[in-house]
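Secondary and tertiary structure notes
Listed below, chain by chain, are the residues.
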Amino acid sequence: MLEISNVTKRYPSGVVAVRDFSLRIDRGIVGLLGPNGAGKTTLMQMIATITRPTSGTILFHGENISSHPDRLRNRLGYLPQDFGVYGNLTAFEFLSYIAALKGVHDKKKILSLLEIVNLHSDAHRPAGAFSGGMRQRLGIAQALVNDPELIIVDEPTAGLDPEERVRFRNILSDIGAGTLVILSTHIVSDVEAVAGNIAVMNRGALICCSTPEELLRSASGKTWEALVSTRQFEEIRGQFRLSRILRKPEGVHLRIVHPAAPFPGAASVRPELEEAFIHAVNSTVSGDA
Amino acid sequence: MQSIQRFPGMPDRSTALRAIVRAEFLLRFRRTSSIIILLAVAAGVYFIVPEPSSGHSMIQVEGHHVLQNSAAVALATGLNCSLLLSLFGYYLVSNSLRREILSHTASVVAATRVGSLEYLTGKFIGNVLFLAVIGAGCMLSAMAMFLLRGEGTLEPLVFLATYTWLLLPMVAVVAAIALLFESVSVLSGRVGDVLYFFIWGGSLGAPVAIVQSSHAHRWLEMVDILGLTEVITQLTRRFNTENISIGFSTTNRALAPMHFAGLEFGGDALLVRLGPLVAAAVCLLIARAAFHRFDPVRIKRLSGRDRWDLRRRIELRLKPATGWLVSLTGAGSRRAGFSGAVRADVIMTLLQSPLILVAVGVFLPLTLFMDLADVRTGVLPAMVVVLVIALSDIASRDPSAGMLKLLCSVPRVRERYVLWKFCSSLAVTLLFTAVPLVRLGGGSATACISLAVGTLLLPAAATGMGVLTGAGKLFIVTVLMLLDAALNAQGVPGLDFFGCYGIATPATQAGYFGGAVLLLAAAHAKHAAAMKKL
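Cut-offs used in this document
Residues numbered from 1 in each chain as written. Chains lettered and ligands numbered in written order. Predicted model: local features only at pLDDT ≥ 70, side-chain atom pairs only at ≥ 80, totals over all residues. Pairing = 2+ DSSP bridges. Helix = DSSP H or I, 4+ residues; strand = E, 2+ residues; numbered from the N terminus. Contact = placed C-beta atoms within 7 Å. Nonpolar A, V, L, I, M, F, W, Y, C, P; charged D, E, K, R; others polar. Domains from an automatic or database assignment. pLDDT = per-residue confidence, 0-100. Buried ≥ 20, exposed ≤ 12 C-beta atoms within 10 Å, placed from the backbone. Expected span 1.5 Å × (residues − 1). Bend = angle between axes of the 7 residues up to and from the residue. Axes fitted to C-alpha atoms, helices over the stretch in contact; angles between N-to-C directions. Parallel < 35°, antiparallel > 145°, perpendicular 65-115°, else oblique. Core = buried A, V, L, I, M, F, W, Y, C linked by C-beta atoms within 7 Å.

Residue and element names in this part refer to chain B. In space, the three strands of this open sheet follow the order β2-β1-β3, with antiparallel pairing throughout. One side of each edge strand has no neighbouring strand; the edge strands of this open sheet are β2 (64-65) and β3 (244-250). Pairing of strand β1 (residues 56-61) with β3 involves five bridges; the strand directions are antiparallel. From the neighbouring strand, Val-61 faces β3, where its bridge partner is Ile-244.

Printed below as a string of structure tokens:
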């Protein structure tokens, strides 16, 4: 469905945001993970036809979206990272506006979408008065209004409280069947909950793309747990990637991501997805596998 | 592979266009300021339609009162509306694209199938509609005033035809220029705001020049956005004299009143109004060619690598020098308290716009070595224009950058925000006016006091209007209008607000000083009310 080939985005300042990125994806939810500044948003913007690649091609159903952006736009739902609303339009008016831009003028559909995202009771309130979570739900409603085949959501849960995050993930999970959803985030638990595939990006490049299980397997034998004294902790804290630090009366409980046992006494444990992500990102930085 | 030639939600162009127009109109109309504008228009009409028995007239011909029939009232109120709307209208609608970026809806729109021309056309029509509603408000107010003070029967169609002929091409051009300026990066923002003022000034002067040249360049009439040339031509022909004034004027009641049958909307009259419509279409097409469609690369020209954005390039080159100069003068040294906060804001202004220091460097030798009379009449007006650009966003930049709440957590700033911004703007103003103040102090006391008052007035107006409106546009247009009036009426003491002619009376100086204080007080009241809501 979506084929990204050797895509590079170089800004006029000379900064290369995305570097020779290639990926082929079909249906389902794909989590795009990467640290801040990895190039995720730029990649999302290129796929959403908002900005063009400096080089490389992005094909949607075999058609180059740079040459025929409207072919994709007809089937695209896009929720940008910094989604905002017009403060003095109501939720219904705002959604009707975006729907009209996308060629949808079915009032019932707009109302049903507001119901899906649980905003039906606030449909006629000015969207400017909405909380962050309500705005994001309105954002997902506008992304879905044209029954898209490709949905791009960029950092959708940033700033949301835990309950809103779970609600948002559930909505994504529901719409993921039959469509391609690209969920870009740096919050590992978001993709862990919904994504069938995870692509990891760092410094503009694709590091790996695999299922969560494969990603976990790649970090197997590279995650360690140890209990150290406070003094020992101060000595080692700058030397290793620590995925968890828990201070307790008996000492400091650590989880460490490292290719080999970091020090005597550290025990190998099953990695969690966050640790697999840390491993993947850092293995490209340090060059080890 | 699946075919993607047809999609059930394929946009219906007219529906999308209607949606853009509707949203644009609603977004503008659902603001308190729109109600204030309509009320101001109604109040303005009340004052310009005089009571016939008062000895005043809306149109006078060689001292004769022209009967206030529908045609006369429609022409006089329509022309006044056209003059003001052609100026203020631009500033009202010149934020269509910027608003999308600030409200973070831009990328959602950019990812839809709506074409760029279609999108800009929707914005254009929405803005034309909004300005037309203001014009319609003026027309209805004029008709209401006609019922009170008119001389004859109300002829709604005459009002409608006159207003449409006068206003429609004008609002089309204004809305198109606003979009054009927003689409061209170098013209967006304050540079475009100031440039538009001069375009407007030119459009006022051009008709007189065309008529005085006996229509030697007829094609120029086609770009007369106000239609003044045709109005002057028709009135001159009708009354066989050039001694005609439109607007509030005194007439000789001993002379017999004259009758005005109305503008003739023949072929020529319609043709000259087609010109501005064509100009609007051309502006729209150029805007389409320059439109960035919210591409972040084209919007974020802050890198300064864009070879066309000369201002940005110069500013970025100057930034290190500005920082060095700031540290050299010790202005950046750490000082606590309110004065430290003021100093920090001045430094922020200079670092954000290093061209201010370049302008100071240009004005310094001029104000130091030129003849004092030349400084007053030549340098000070230019200084006002530069100060308008330099001061316009100091008071409004924090709220628009989402910094207001953060700044209000700084000790002493929350309660004294308006004073803080005023002091910071005053310091920037003094960088320009300190030298002429000292020189005028030794030469012309009246001019010196006027300049001192002007030195307080400009930062007070920038702060007051910036806080009250949340933008610098009202400040820009008000001060430039005042300057334009002062330069055109050199002998009027009441307009000498900056000591350019040294003729302001103490009452004038006190009036401007009082105005400055009132603006600051109003801004402080608004800020205090906003802080209570936090």
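That shown, we press on.
How big an interface is tends to be stated in terms of the accessible area lost upon association of its parts. The interface is formed by 37 residues belonging to chain A together with 33 residues belonging to chain B. Per-element tally for the side of chain A that touches chain B: the top contributor is helix α3 (residues 91-101) of chain A, with four residues. Looking at side-chain class alone, the side of chain A that touches chain B contains 16 nonpolar, 13 polar and eight charged residues.

Note on sheets: strands pair through backbone hydrogen bonds, and any given pair is parallel or antiparallel. Residues and elements named next belong to chain A. Pairing in this open sheet of four strands is antiparallel, and the strands run β2-β1-β4-β5 from one edge to the other. The two strands at the open ends of the sheet, each matched to only one other strand, are β2 (16-25) and β5 (63-64). As defined by bridge partners, strand β1 (residues 2-10) adjoins β2 across six bridges and the pair is classed as antiparallel. Opposite Ile-4, over in β2, you have Leu-23 as the bridge partner.

Moving on, we get to the pairing of strand β11 (residues 223-228) of chain A. Residue and element names in this part refer to chain A. Of the strand pairs in this sheet, β11 and strand β13 (residues 251-257) are connected by six bridges, and their pairing is antiparallel. For Ala-226, the partnering residue across the bridge sits in β13 and is Leu-254. Looking at chain direction, β11 and strand β14 (residues 267-268) are connected through two bridges and run antiparallel. When the sheet's bridge partners are listed, Trp-224 is paired in β14 with Ser-268.

Bringing the domain arrangement of chain A into the picture now. Taken as a whole, chain A is organised into domain 1 (2-211) and domain 2 (221-269). In this structure, domain 1 of chain A and domain 2 of chain A have C-alpha centres spaced 37 Å apart.

Residues and elements named next belong to chain B. Mean pLDDT over chain B: 88, with 90% of residues reaching 70 or higher. Across residues 1-9, confidence stays below pLDDT 50; counting only partners more than four residues off in sequence or on other chains, it has 15 contacts. Low confidence marks residues 302-308, where pLDDT is under 50. Its contacts with residues over four positions away, or in another chain, come to twelve contacts. Both scores are given for the predicted complex: the pTM is 0.84, the ipTM 0.85.

Residue and element names in this part refer to chain A. Its place among the elements puts Leu-76 in strand β6 (residues 76-79). By the C-beta count within 10 Å, which is 25 here, Leu-76 ends up buried. Expressed as a C-alpha distance, the spacing of Leu-76 and Gln-136, which sit 60 residues apart in the sequence, is 17 Å.

All names here are of chain B. Between its first and last C-alpha, helix α7 (residues 156-183) extends 39 Å over 28 residues, near the 40 Å set by a 1.5 Å rise per residue. The largest bend in α7 is about 35°, located at Thr-164. With 21 of 28 residues buried, α7 lies mostly within the body of the structure.

We now examine the packing of helix α15 (residues 372-391) of chain B against helix α18 (residues 417-441) of chain B. Residues and elements named next belong to chain B. The N-to-C vectors of α15 and α18 enclose an angle of 180°; their axes lie 11 Å apart at closest approach. Here α18 runs roughly antiparallel to α15, going by the angle between their axes. Seen from α15, the contacting residues are Leu-372, Val-375, Leu-380, Met-383, Leu-387, Ala-390 and Leu-391; seen from α18, they are Ser-425, Val-428, Thr-429, Phe-432, Pro-436, Arg-439 and Leu-440. Residues that form the contact of α15 with α18 fall into these classes: eleven nonpolar, two polar and one charged.

Turning next to the nonpolar core. Among the nonpolar cores identified, the biggest contains 221 residues, and Leu-95 of chain A together with Ala-142, Ala-175 and Ala-176 of chain B are the most heavily contacted of them. No other element matches the 17 residues that α7 of chain B contributes to this core. If you count residues domain by domain, this core takes at least three from each of domain 1 (2-211) and domain 2 (221-269) of chain A. With near-sequence residues (within four places) excluded, Leu-95 of chain A lies in contact with Ile-110, Leu-113, Leu-114, Leu-138, Ala-141, Gln-142 and Val-145 of chain A.

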